[in-house]
Amino acid sequence: MAVIKTIPCGSGEIRIHDDYCKDKTPEEIQKIIDEASIKILNFYKKKEAV
């Protein structure tokens, strides 16, 4: 598992590792991205409703 990108975020950082896509088909990778996107959108929808 290697860090392929680091993104500063406030006082922390977001680290993206290659294990999310290593040894996976393009369809599996897209499913992972879609599921993560839904979780992120739901988080911001709930935050906005408060």
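Above this text sits the structure in question.
Now for a look at the structure at hand. (Residues numbered from 1 in each chain as written. Predicted model: local features only at pLDDT ≥ 70, side-chain atom pairs only at ≥ 80, totals over all residues. Heavy atoms only, no water.)

**A closer look at the packing of aromatic side chains**
Turning to step 1, where the next piece is worked out: Counting across every chain of the model gives one aromatic pair.
Turning to step 2, where the next piece is worked out: Ring centres of Phe43 and Tyr44 lie 5.1 Å apart, and the angle between their planes is 80°; this geometry places the pair in the edge-to-face category. (Phe/Tyr/Trp six-rings, centres within 6.5 Å; stacked < 30°, edge-to-face > 60°.)

**Some remarks on unusual backbone geometry**
Turning to step 1, where the next piece is worked out: Non-glycine residue Asp23 carries a positive phi angle of around 65°.
Turning to step 2, where the next piece is worked out: With respect to the helices and strands, Asp23 occurs in the loop between strand E2 (12-17) and helix H1 (26-49).
Turning to step 3, where the next piece is worked out: Taking the relative accessible area as the measure of exposure, Asp23 reaches 74% and is therefore exposed. (Helix = DSSP H or I, 4+ residues; strand = E, 2+ residues; numbered from the N terminus. Buried < 20%, exposed > 50% of the residue type's maximum accessible area, 1.4 Å probe, protein only.)

**Remarks on a nonpolar patch on the surface**
Turning to step 1, where the next piece is worked out: On the surface, a nonpolar cluster with roughly 460 Å² of combined accessible area is contributed by Ile4, Ile7, Ile14, Ile16, Tyr20 and Ile33.
Turning to step 2, where the next piece is worked out: Its location among the elements puts Tyr20 in the loop between E2 and H1. (Patch = residues over 30% accessible without salt bridge, like charges linked within 9 Å, V, L, I, M, F, W, Y side chains within 5 Å. Areas by Shrake-Rupley, 256 points an atom, 1.4 Å probe, with all protein chains shown as cover. Salt bridge = Lys/Arg side-chain N within 4 Å of Asp/Glu carboxyl O.)

**Examining the pattern of salt bridges**
Turning to step 1, where the next piece is worked out: Tallied over the full model, the rule gives two salt bridges.
Turning to step 2, where the next piece is worked out: Residue Arg15 pairs with Glu13 through a salt bridge whose shortest N-O separation is 3.4 Å.
Turning to step 3, where the next piece is worked out: A residue is classified by how much of its surface remains accessible, and Glu13, at 46% relative accessible area, is partly exposed.
Turning to step 4, where the next piece is worked out: Here Lys31 ties to Glu35 by a salt bridge, and the two come within 4.0 Å at their closest N and O atoms. Taken together, the positions of Lys31 and Glu35, both in helix H1 and four residues apart, correspond to about one turn of that helix.
Turning to step 5, where the next piece is worked out: Taking relative accessible area as the criterion, Glu35 reaches 41% and is therefore assigned partly exposed.

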